[in-house]
Amino acid sequence: MSKVNNDRLRNIAIIAHVDHGKTTLVYAMFKQSGLFRAEQEVDDRLMDSMDLERERGITISAKNCSVVWDNTKINILDTPGHADFGGEVERALSMVDGAILLVDASEGPLPQTRFVLGKAFEAGLKIIVVINKIDRQDARIDEVLNEIYDLFIDLGADDEQIEFPVFYAIGKLGICKKELEDEGKDLKPLFDAIVKEVPGPQYNEEEPFQMLVSDLGYSDYLGRLAIGKVINGSAKSNETLVRMGPDGLKQNLRVSKLQIYEGMRMQEVTEAESGEIIVLSGVDDILIGDTICTKDAPKALPRITVDEPTVSMQFFPNTGPLSGQEGKLVQSNRIKERLIKETLQNVAIKVEESEDRDSFMVKGRGEFQMAIILETMRREGFEVCVGRPQVIFKEIDGVVCEPIEQLFIDCEDIFVGVITEKLSIRKGRMTNLINNGTGRARLEFSIPSRGLIGYRDEFLSDTKGTGIMNSLLSGYEPHRGEIPSRFTGSIVSDRSGKGVGYGLFHLEPRGELFIRPGDVVYEGMVIGSYNKDNDLNANPCKEKKQTNVRASGKDEALKLTPVTPMTLEKAIHFIADDELVEVTPKNIRMRKKMLSQQERHTMRNKKFSGKL
C-alpha cells in the first residue's frame with residue numbers, strides 16, 4: 001500500500017532543557033505568524049497554562065497549539081524539559097514528525113535534553129537545532145555546537161540525523177538566523193526551515209480512519225476529550241466509530257464534537273484530514289494508547305509505551321488531630337478517585353490499592369513528579385499524608401537490581417571535594433571530571449536513584465546555591481549496598497498546643513527548628529531536626545515560670561533564629577521511614593506514623609528485645 005505525505009500540515013515538538021527559552025520562543029512564533037493583532041496584549045508565557053508552571057518557570061504537561069506560515073499549518077507541541085515528566089514527552093512525540101532542539105548558548109545540551117532527544121531518535125523524527133540566547137555574555141557557541149554533535153553521536157544518530165540544520169536565535173527578541181554573521185530580523189528562517197525540512201505527516205490512502213489517542217482532556221460541557229493524531233483517513237463529526245482498547249476490547253462511540261487547534265484555542269470543524277491533531281468529544285471510557293477507528297474496518301494501532309516507574313510513594317488519608325480543619329477532601333475514596341483520574345491523564349503514573357484499602361501506592365518516574373501531583377491535590381482542597389519515596393527494585397537473573405542515575409553537576413571548582421565526598425557516601429562513582437580553568441567544573445557520576453533522594457537540598461547548601469544538578473535514568477544495576485538516608489534525628493513534640501518563644505529558644509541548641517511561636521503543634525509532630533542521630537521528644541509549648549520575686553533589671557527579649565518556610569520537596573526529602581508528610585491546602589507538616597510517644601517507646605523496646 002502506498003504512503004503519501006500531507007504537505008498542507010507540519011507537526012513538530014520543541015525539545016529543550018528547563019529554562020533554555022522554549023516557552024519564550026513559542027510566544028515569538030505566535031506573534032510573528034500573525035496570530036495576534038498588533039495592539040493585542042498577550043502574556044509572553046501563554047503556553048504555561050497551569051499555575052504551577054507559571055510559578056516554577058517549567059513545563060509540566062505537554063500542550064498543543066498551531067500557527068500558519070506560507071499557507072502551511074504548523075501544529076506545535078510544547079514538551080516538558082524534566083525527565084520526571086517523561087510520560088508527557090512520549091505522548092507528545094507520538095503525534096509529531098519533526099522536532100526543534102533548543103539549546104542554551106552557554107549551558108549547552110543538559111541531561112534532560114539528552115533524555116527527550118533520545119526518545120525523538122527512537123521515533124525517527126527529523127531534528128532542527130536552534131542555539132538560543134546567543135546574546136549572553138558567557139555564550140560559547142562553537143563549543144556548544146561541538147557538544148551537540150557529540151550528543152547526537154552518543155545517542156546513535158544515523159547519517160541523515162547527524163546532518164541537522166543549525167540556527168542561532170535570541171528568543172526574547174524574536175530573532176533567528178542561519179549564520180552568526182547575518183543581521184537577523186525575525187523568525188522567518190526558522191519557519192521556512194520547518195516547512196522545508198520537516199516532512200508532512202504520512203498516511204495511507206487506502207486505509208480507513210484511524211486515530212491514536214495520545215492525550216486526554218476534560219470539559220465541563222463536553223465531558224471526556226480524546227486528543228490525538230489522525231494516522232489514516234479522515235474524521236467526521238457525528239460519526240459512529242469504534243474504540244479499540246487494551247486486549248482488543250471493542251466499544252462503539254459516537255463523536256458529538258470534532259475540534260482542531262487554531263492558535264491556542266480549539267475550533268469546531270465538520271471534518272479533519274489525515275495527519276491533523278484533533279480533539280474528539282463523546283468518548284467517555286477512553287484511555288491513552290487506545291485506537292479510534294471505523295466500525296466497518298476496526299484495526300488497532302501499536303499502543304504508546306512509556307518507561308517503567310522507578311519511584312513509589314504511599315498515600316494515606318490525613319489521620320492527624322487537625323484532620324479536616326484546613327481541607328475539604330479528606331476521605332480515602334475521594335483520594336482514590338483523584339489518583340485514578342491522574343492515571344487516566346498521565347501514562348507514567350500507576351496506582352495500587354493496599355490490602356487494608358486505606359492507603360494507596362503511587363508509582364512514577366521521580367519524587368519531583370510526585371511532589372507536583374501532591375501540590376496540585378492540595379490546591380484542589382485535598383488533605384493527604386505521604387511516606388518517604390522508595391525506589392522500585394527489580395530482580396534480573398536472580399540478582400536484586402536497582403535503578404541507576406547518570407548524574408551531571410556543574411559547580412565552582414572549590415566545591416568539587418565536598419560534593420565528591422558526599423556522593424561517595426551515597427554509593428556514587430565519578431565517571432568524568434572536566435575543569436576548563438574557568439573557575440567552574442563539570443562532574444559526572446553513576447549513582448543509585450535512592451542515593452539522590454534528599455540530596456538536592458544538601459547540594460544547594462554545600463554549593464552556596466551556585467551549583468546546577470541534573471540526573472537521567474541510565475538503567476538497572478546490582479544493588480550497591482546500604483545508604484545512610486539521614487545523619488540527624490527528629491525533634492518531636494510530646495504534646496498538643498501552640499509553640500511558645502521561651503520553649504523554642506531553649507530547643508534551638510539541640511538542632512534546627514521548623515516551627516515559629518504561635519504555630520499549632522500536636523503529639524508526634526516533627527518540629528525540628530535533632531543534632532544527634534536519634535529522636536528527641538520535647539515540649540515546644542513550655543512557658544517561663546512566673547514568680548513573685550522581682551528581678552534586678554528586666555528580662556532580655558528572646559531572639560529566635562528565623563525559620564525557613566517548609567516546602568513540599570524539602571519535607572519529602574527530610575522524613576525518615578517511620579515519618580509522614582501531612583499535606584493540606586494551608587500547611588505542610590511532618591509527623592511520626594505512630595503519634596503516641598508511649599506507643600513508639602513500646603514498639604522500640606519490642607524491636608530491641610526481638611519480639612517484633
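Look up a bit, the structure's there.
A short tour of the structure in this document, coming up. Model, not experiment: these values are computed from the prediction. (Residues numbered from 1 in each chain as written. Predicted model: local features only at pLDDT ≥ 70, side-chain atom pairs only at ≥ 80, totals over all residues. Heavy atoms only, no water.)

### Observations concerning the overall build of the chain
Phase 1 of the analysis: The secondary structure content of the chain amounts to 15 helices and 37 strands.
Phase 2 of the analysis: Here the chain holds 612 residues, and 52% of them are scored as buried.
Phase 3 of the analysis: Pairs at least 24 apart in sequence give 71% of the contacts found in the chain among residues at least 6 apart.
Phase 4 of the analysis: Per element, the accessible surface of the chain, about 29,200 Å² overall, is 47% carbon and sulfur. (Helix = DSSP H or I, 4+ residues; strand = E, 2+ residues; numbered from the N terminus. Buried < 20%, exposed > 50% of the residue type's maximum accessible area, 1.4 Å probe, protein only. Contact = heavy atoms within 4.5 Å. Areas by Shrake-Rupley, 256 points an atom, 1.4 Å probe, with all protein chains shown as cover.)

### Side note on a negative patch on the surface
Phase 1 of the analysis: The grouping of Asp 158, Asp 159, Glu 160 and Glu 163 at the surface amounts to a negative patch.
Phase 2 of the analysis: The residue Glu 160 is located in helix α6 (residues 159-162) in this model. (Patch = residues over 30% accessible without salt bridge, like charges linked within 9 Å, V, L, I, M, F, W, Y side chains within 5 Å. Salt bridge = Lys/Arg side-chain N within 4 Å of Asp/Glu carboxyl O. Lys, Arg positive; Asp, Glu negative; His and termini not counted. Charge placed at Lys NZ, Arg CZ, Asp CG, Glu CD.)

### Concerning the pattern of salt bridges
Phase 1 of the analysis: Overall, the coordinates contain 31 salt bridges when judged by the stated rule.
Phase 2 of the analysis: Note that Lys 570 and Glu 512 form a salt bridge whose closest N and O atoms lie 4.0 Å from each other. Of this pair, Lys 570 sits in helix α14 (residues 568-574) while Glu 512 sits in strand β32 (residues 511-513), and the two are 58 residues apart along the sequence.
Phase 3 of the analysis: We classify Lys 570 as partly exposed; its relative accessible area is 23%.
Phase 4 of the analysis: Members of the salt-bridge network, linked through shared partners, are Lys 422, Arg 426, Glu 458 and Asp 462.

### As for the nonpolar core
Phase 1 of the analysis: With 39 residues, the main nonpolar core has Leu 101, Ile 127, Val 129, Ile 131, Ile 148 and Phe 152 as its most contacted residues.
Phase 2 of the analysis: Residue contributions to this core peak at 6 residues, all from helix α5 (residues 141-154).
Phase 3 of the analysis: The contact partners of Val 129, leaving out residues within four places of it in the chain, are Leu 101, Ile 148, Phe 152, Phe 164, Pro 165, Val 166 and Phe 167. (Core = buried A, V, L, I, M, F, W, Y, C linked by side-chain atoms within 4.5 Å.)

### Description of the packing of aromatic side chains
Any pair of aromatic rings gets described here by the distance separating the centres and the angle formed by the planes.
Phase 1 of the analysis: Counting across every chain of the model gives 5 aromatic pairs.
Phase 2 of the analysis: Ring plane angle 75° and centroid distance 5.1 Å describe the contact between Phe 121 and Phe 152, whose orientation is recorded as edge-to-face. One end of the pair, Phe 121, is in helix α4 (residues 111-122); the other, Phe 152, is in helix α5, with 31 residues separating them in the sequence.
Phase 3 of the analysis: With relative accessibility at 10%, the residue Phe 121 sits in the buried group.
Phase 4 of the analysis: Residues Tyr 455 and Phe 459 carry aromatic rings whose centres are separated by 6.0 Å and whose planes lie at 50° to one another, so their mutual orientation is tilted. (Phe/Tyr/Trp six-rings, centres within 6.5 Å; stacked < 30°, edge-to-face > 60°.)

### Examining helix α12 (residues 455-462)
Each full turn of the α-helix corresponds to 3.6 residues, which orients residues three or four apart in the same direction.
Phase 1 of the analysis: Buried residues of α12: Tyr 455, Phe 459 and Asp 462, and no others. Taken around the axis of α12, the buried residues stretch over an arc of 65°, which confines them to a single face.
Phase 2 of the analysis: Of the surrounding elements, those touching the buried residues of α12 are β26 (399-412), α10 (416-425), α11 (449-452) and β29 (468-478).
Phase 3 of the analysis: With its phi angle positive at about 55°, Lys 464 sits one or two positions after the end of α12. (Arc of directions from axis to C-beta.)

### Comments concerning the side chain of Asn 318
Phase 1 of the analysis: Within the fold, Asn 318 resides in the loop between β20 (311-317) and α8 (332-345).
Phase 2 of the analysis: Using a relative accessible area of 5% as the deciding quantity, one classes Asn 318 as buried.
Phase 3 of the analysis: Not counting chain neighbours up to four residues away, the residues in contact with Asn 318 comprise Ser 323, Glu 383, Val 384, Cys 385, Glu 582, Thr 584 and Arg 591.

### A closer look at unusual backbone geometry
Phase 1 of the analysis: Phi at Lys 133 is positive, roughly 60°, even though this residue is not glycine.
Phase 2 of the analysis: Inspection of the secondary structure puts Lys 133 in the loop between β6 (126-132) and α5.
Phase 3 of the analysis: Of the residues examined, Lys 133 reaches a relative accessible area of 22% and is grouped as partly exposed.
Phase 4 of the analysis: Unlike most non-glycine residues, Lys 427 shows phi in positive territory, near 65°.
Phase 5 of the analysis: Considering the arrangement of structural elements, one finds Lys 427 in the loop between α10 and β27 (429-435).
Phase 6 of the analysis: Since its relative accessible area comes to 29%, Lys 427 is described here as partly exposed.

### Here we look at the environment of Glu 508
Phase 1 of the analysis: Within the secondary structure, Glu 508 sits in the loop between α13 (501-507) and β32.
Phase 2 of the analysis: Since its relative accessible area comes to 22%, Glu 508 is described here as partly exposed.
Phase 3 of the analysis: Distance from Glu 508 to Gly 528, taken between C-alpha atoms, is 9.1 Å for residues 20 residues apart in sequence.

Shape is all these values report; function is a separate question.
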